[in-house]
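Remarks on the overall topology
Chain by chain, the residues:
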Amino acid sequence: CAPSRASLLTGRHTGHVSVRGNGDVPLDPADVTFAEVLRAAGYRTGLVGKWGLGPEGSDSTPGSQGFDESFGVLHHIHAHRQYTDHLWRNGRKVAVDPKRFTGDLYLQESLAFVRKHRARPW
């Protein structure tokens, strides 16, 4: 789970990424993600859904790993909840309607990101 996400984000083989299992092991700050590369090339970067590569307060958050905007869960266990009373937007905890399906919230957020940035590369 987490090693696969770390591999996808860094382009490194799962045997070479700093994340070797699920838990509270964050990406190493030295790990370069594709979001950091794209941001440096002028793209707007966004992450919607499960981060799971560093808990709240760690050095590994979507914002510290190259994502301009993020919305979803930080911890992999929180991702198991399809209905929740909070999510994280750009590093801040935000209240959400616990009767709303998180997949619908993620879809809404993804579409808003695309519409907001449609005039430039993202």
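A quick note: this is a predicted structure, and the numbers were derived from the prediction, not measured. (Residues numbered from 1 in each chain as written. Predicted model: local features only at pLDDT ≥ 70, side-chain atom pairs only at ≥ 80, totals over all residues. Heavy atoms only, no water.)

Turning to its location among the elements, Gln-65 is positioned in the loop between β1 (46-50) and β2 (69-73). Look at Gln-65 and you get buried, because its relative accessible area is 1%. At 3.3 Å, the side chain of Gln-65 forms a polar contact with the backbone oxygen of Asp-31. Ignoring anything within four residues of it in the chain, the contact list for Gln-65 reads Leu-27, Asp-28, Pro-29, Asp-31, Thr-33, Ala-35, Glu-36, Trp-51, Asp-59 and Ser-60. (Helix = DSSP H or I, 4+ residues; strand = E, 2+ residues; numbered from the N terminus. Buried < 20%, exposed > 50% of the residue type's maximum accessible area, 1.4 Å probe, protein only. Polar contact = N/O pair within 3.5 Å; in protein donor to acceptor, adjacent residues only side chain to side chain. Contact = heavy atoms within 4.5 Å.)

What follows deals with the nonpolar core. In this structure, Ala-6, Leu-9, Val-19, Leu-27, Trp-51, Leu-53 and Phe-67 are the most contacted members of the largest nonpolar core, which totals 13 residues. Among the elements that take part in this core, helix α1 (residues 2-10) stands out by supplying 3 residues, more than any other. What Leu-53 contacts, discounting residues up to four positions off in sequence, is Ala-2, Arg-5, Ala-6, Leu-9, Val-19, Val-25, Pro-26, Leu-27, Ser-60 and Leu-74. The next biggest cluster of nonpolar side chains, apart from the first, holds 7 residues, and it includes Phe-71, Val-73, Val-96 and Tyr-106. (Core = buried A, V, L, I, M, F, W, Y, C linked by side-chain atoms within 4.5 Å.)

Now for the pattern of salt bridges. In this structure the tally under the stated criterion is 6 salt bridges. When the shortest N-O distance is used, the salt bridge between Glu-69 and Arg-44 registers 3.1 Å. Linking Glu-69 in strand β2 with Arg-44 in the loop between α2 (34-40) and β1, this pair joins segments that are 25 residues apart in sequence. Relative accessible area serves as the criterion here: at 14%, Glu-69 is assigned to the buried category. By relative accessible area, Arg-44 is classed as partly exposed at 22%. Here Arg-89 makes a salt bridge to Glu-109, at a shortest N to O gap of 2.6 Å. Of this pair, Arg-89 sits in strand β3 (residues 86-89) while Glu-109 sits in helix α3 (residues 102-116), and the two are 20 residues apart along the sequence. Of the residues examined, Arg-89 reaches a relative accessible area of 33% and is grouped as partly exposed. The exposure class of Glu-109 is buried, given its relative accessible area of 18%. (Salt bridge = Lys/Arg side-chain N within 4 Å of Asp/Glu carboxyl O.)

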